[in-house]
Amino acid sequence: MAEPASGPATPTALPVGVALRIEHATVAYDGTPALQDVDAQVLPGETVALIGPNGAGKSTLIKAVLGLVPVTAGTITVLGKPPAAARRDVAYVPQADTLDPEFPISVAQVVLMGRYRRTGWLRRPGRADRRIAAEALAQVGLADRAKARFGTLSGGQRQRVLLARAIAQQPRLLLLDEPFNGVDALSQDALLTAIAVLKRRGAAVVISTHDLTLAHLACDAACLLNRHMYGFGPVHDVITPALLRATYGSQALELRGDRVIVAHPIANRHA
Ligand SMILES: Nc1ncnc2c1ncn2[C@@H]1O[C@H](COP(=O)(O)OP(=O)(O)OP(=O)(O)O)[C@@H](O)[C@H]1O
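Position labels on residues start from 1 in each chain and follow its written sequence. Restriction of local features to residues with pLDDT of at least 70 applies here, the model being predicted, together with a cutoff of 80 or more for giving and counting side-chain atom pairs; totals for whole chains, interfaces and linings are based on all residues.

Brief notes about the overall build of the protein
Inclusion rule: In this text, helices come from DSSP runs of H or I with a minimum length of four residues, and strands from runs of E with a minimum of two, each type numbered from the N-terminal end. Any residue whose C-beta has 12 or fewer other C-beta atoms within 10 Å is treated as exposed, any with 20 or more as buried, and any in between as partly exposed, C-beta atoms being built from the backbone. A pair of residues counts as a contact when their C-beta atoms, built from backbone coordinates, are separated by no more than 7 Å.
Scanning the protein from terminus to terminus reveals nine helices and eleven strands. For the protein, with 271 residues in total, the buried portion stands at 45%. Once local pairs closer than 6 in sequence are excluded, the contacts in the protein between residues at least 24 apart make up 66%.

Below, the structure is given as structure tokens:
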């Protein structure tokens, strides 16, 4: 693995249409690198899977794209801007949302929160914002639950509501952190359909996942991570036994013939 360049570099010109460009990026917590020398790009309308074991740095990369964790070498450019400057056009669906299920808030109100990034927190959302939020909720198949209390929904339904909140933001880049963990098949289908619609509208999508089947189903490209990048490119070129073995270690893989059935998420050999 090549050593990253020392010190933040000046980003090279962004080709027209690149939604996310990561160039030899190192991301660190308190000076300790969690992820080194990542080099990838995502085009509008393209979906990229971040794949790697627990502690590999998938969430860290997502946080760096949001501008929440510093890039200490290389660069990350989001929609032609530094990450923190692009947040208005970037939606994020976290792994386990910070919304307290006991908090008395309706499903419709959660989705409407997606509009605040556009309207600002001081302005009341208008009729157009409510329409956009209602359409987003319909897109994830939960229009009939608009008035329900968020906390009364199942885990899968809550995840769909959080995706609707992200859709209502009308993002150009959508970041999803393990969106399918503990989600029932119906909700999985609804999430996949909603993601496909966003893609068709030209949004770029990045999904952190342990699920290789999902990566094959929903993603154009994959980025294999385990503190370093072990591969980036079209799914069929990158999700291969050899590269998965390099990323996870062979004990972590279940093979059938030459096909990887499962890559166990807990295999972080560097931790
Ligand atoms: N706030 C933090 N401060 C210091 N170190 C952190 C922080 N957050 C994560 N790390 C470390 O960074 C490394 C990468 O963690 P990260 O959560 O990005 O991995 P991940 O691939 O998303 O894992 P998982 O699949 O378990 O969610 C881990 O070693 C973790 O302990």
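Some remarks on the site of the ligand
To be explicit about the condition: Nearness between a residue and a molecule or strand is assessed with a C-beta atom placed from the backbone; a distance within 6 Å qualifies. Note on residue categories: nonpolar means Ala, Val, Leu, Ile, Met, Phe, Trp, Tyr, Cys or Pro, charged means Asp, Glu, Lys or Arg, and polar means any other residue, Gly included.
In the vicinity of the ligand, twelve residues are found, and the nearest of them are Tyr-29, Asn-54, Lys-58, Ser-59 and Thr-60. In terms of residue count, helix 1 (residues 58–65) provides more of the shell around the ligand than any other element does, three residues in total. When the residues that make up the shell around the ligand are grouped by side-chain class, the tally is five nonpolar, six polar and one charged.

Section: the nonpolar core
The condition that has to hold: What we call a nonpolar core is a set of buried Ala, Val, Leu, Ile, Met, Phe, Trp, Tyr and Cys residues whose membership is set by joining through C-beta atoms within 7 Å.
Ranked by size, the top nonpolar core spans 79 residues in total, and within it Val-111, Ala-164, Leu-173, Ala-222 and Cys-223 carry the most contacts. When residues in this core are grouped by element, the largest group, seven residues, is from helix 5 (residues 155–168). Those residues in contact with Cys-223 that lie beyond four places of it in its chain are Ala-40, Val-48, Leu-50, Ile-51, Met-229 and Phe-232.

Focus on the packing of helix 4 (residues 127–139) against helix 5
In helix packing, the relevant descriptors are the interaxial angle and the interaxial distance, both defined with respect to the helix axes. Note the threshold: In this analysis an axis means a line fitted to C-alpha atoms, helices contributing only their contacting stretch, and an angle means the value between N-to-C directions, from 0 to 180 degrees. In these notes the angle categories are as follows: under 35 degrees is roughly parallel, over 145 is roughly antiparallel, 65 to 115 is roughly perpendicular, and the rest is oblique. Crossings are classed by handedness, with left-handed meaning an anticlockwise turn of the near helix from the far one by less than a right angle and right-handed meaning a clockwise turn.
Two numbers describe how helix 4 lies on helix 5: the axes approach to 8 Å, and their chain directions differ by 135°. With respect to their mutual orientation, helix 4 and helix 5 come out oblique. You can see that helix 4 and helix 5 cross each other, and the crossing is right-handed. Contacts between helix 4 and helix 5 involve Ile-132, Ala-133, Ala-136, Leu-137 and Gln-139 on the former and, on the latter, Ala-164, Ile-167 and Ala-168. In terms of residue class, the contact of helix 4 with helix 5 is built from seven nonpolar, one polar and no charged.

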